[in-house]
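One-letter residues, chain by chain:
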Amino acid sequence: MPKILIVANNALSKDDSNGRTLMNFLGMFTPDNIAQFHIHGQVDENCCKHHYQLSDQDILFAVKHFGKNRNASLNNKITLNQNIKTNSAALTSKVIKRSCRNLVLRDTVWRTYMWWDKNFDAFISNFAPDVVLLQAGDCPFMFHIALRIAKKYKVPLVMYNSEGYVLKKELYSGSRKKDIW
């Protein structure tokens, strides 16, 4: 079976509709043949043995500290079977309003790639994917990350989308045509 690296906002999990949909879609694959890079949630390890999670807070930390990983002590000895998850869930953070301006700023911060370090490369290299599967969502930076991984590791990129909202003309009802954001 091919080894699939999933790039998605949400973890493969029964607790989230996007994660559950993709988990059911990939049910024929063994957990050892699936790896995932994700932002939110807890991966169901019965479905996926290898995962790497970074949160928005982790990305902000990397940018503020010029590429330093706030979990460097955790990530120093990465192996194929080691799952990397940040401890950002333990941090208390203010919920940031979802607006066009904030989404553009979020995209810009992620696209600095200051968070992409040797640990992330080792995670991908050790798994050695045969294909990258992007679960499309509303984060443009995830499209860029998936494409960057596919090009760097010379593997095909497949996109999967089960959402209708990304195809609508207007995503945010509060947006105005003449607003720069």
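Everything below is about the structure shown above.
A. Inspection of the overall build of the protein at higher detail. Scanning the protein for helices and strands turns up six helices and five strands. From first element to last, N terminus to C terminus, the protein shows the α and β order β-α-β-β-α-α-α-α-β-α-β. Of all 181 residues assigned to the protein, the portion counted as buried reaches 43%. A fraction of 70% describes how many contacts in the protein between residues 6 or more apart in sequence connect residues 24 or more apart. As presented, the protein carries roughly 10400 Å² of accessible surface, and 56% of it is formed by carbon and sulfur atoms.

B. Representation of the pairing of strand β4 (residues 131–135) in the model. For β4, the tally of buried residues reaches five of five residues, placing the bulk of the element in the interior. Burial of the side chains of β4 extends over both faces: V131, L133 and Q135 are buried on one face and V132 and L134 on the other. Where strand β1 (residues 4–10) meets β4, four bridges bridge the pair, whose relative direction is parallel. Looking at β4, one finds that I4 is bridged to V131. As paired strands, β4 and strand β5 (residues 157–160) are joined by four bridges and run parallel to one another. Across the sheet, residue L133 finds its bridge partner in β5, namely V158. With helix α6 (residues 140–152) bridging β4 and the parallel β5, this β-α-β connection has right-handed handedness.

C. Looking closely at the packing of aromatic side chains. Following the criterion strictly, the structure yields 14 aromatic pairs and no others. Feature note: the residues F37, Y52, W110, Y113, W115, W116, F120, F123 and F141 constitute an aromatic cluster, connected by ring pairs. Between the NZ or CZ atom of K3 and the centre of the ring of F127, over which it lies, the distance is 4.7 Å. Looking at R148, its charged tip hangs above the ring of Y113, at a distance of 3.9 Å from the centre.

D. Looking closely at the sheet that holds β4. Ordered in space as β3-β2-β1-β4-β5, the five strands form an open sheet in which the pairing is parallel. Looking at which strands have only one partner, the edges of the open sheet turn out to be β3 (50–53) and β5. On average, each strand axis in the sheet is inclined to that of its neighbour by 20 degrees, with strand direction left out of account. Judged from the four bridges that link them, strand β2 (residues 34–40) and β3 form a sheet pairing that is parallel. Opposite F37, over in β3, you have Y52 as the bridge partner. Packed onto the sheet, α6 meets β1, β2, β4 and β5 and runs at close to 165 degrees relative to β1.

E. Highlighting the packing of helix α2 (residues 56–64) against helix α4 (residues 100–110). At a closest axis distance of 9 Å, the pairing of α2 and α4 adopts a crossing angle of 60 degrees. For the element pair α2 / α4, the angle class is oblique. Considering only the axes of α2 and α4, their crossing is left-handed. Seen from α2, the contacting residues are D56, I59, L60 and V63; seen from α4, they are R106, V109 and W110. Split by residue class, the contact of α2 with α4 holds five nonpolar, no polar and two charged.

F. Layout of α4. Those residues of α4 that sit buried are N102, L103, R106, D107 and W110. Buried residues in α4, looked at end-on, bunch into an arc of 135 degrees, giving them a common side. Of the surrounding elements, those touching the buried residues of α4 are β2, α2 and α6.

G. Fine view of unusual backbone geometry. Non-glycine residue Y113 carries a positive phi angle of around 60 degrees. As for its position among the elements, Y113 is in the loop between α4 and α5 (118–127). Accessibility expressed as a relative area gives 19% for Y113, which makes it buried. In this model, A128 sits at a positive phi of 55 degrees, which is unusual for a non-glycine residue.

Cut-offs and rules
- Residues numbered from 1 in each chain as written.
- Predicted model: local features only at pLDDT ≥ 70, side-chain atom pairs only at ≥ 80, totals over all residues.
- Heavy atoms only, no water.
- Helix = DSSP H or I, 4+ residues; strand = E, 2+ residues; numbered from the N terminus.
- Buried < 20%, exposed > 50% of the residue type's maximum accessible area, 1.4 Å probe, protein only.
- Contact = heavy atoms within 4.5 Å.
- Areas by Shrake-Rupley, 256 points an atom, 1.4 Å probe, with all protein chains shown as cover.
- Pairing = 2+ DSSP bridges.
- Right-handed = clockwise from strand over helix to strand, strands pointing away.
- Phe/Tyr/Trp six-rings, centres within 6.5 Å; stacked < 30°, edge-to-face > 60°.
- Lys NZ or Arg CZ within 6 Å of the ring centre and 35° of its normal.
- Axes fitted to C-alpha atoms, helices over the stretch in contact; angles between N-to-C directions.
- Parallel < 35°, antiparallel > 145°, perpendicular 65-115°, else oblique.
- Left-handed = near helix turned anticlockwise from the far one by under 90°.
- Nonpolar A, V, L, I, M, F, W, Y, C, P; charged D, E, K, R; others polar.
- Arc of directions from axis to C-beta.

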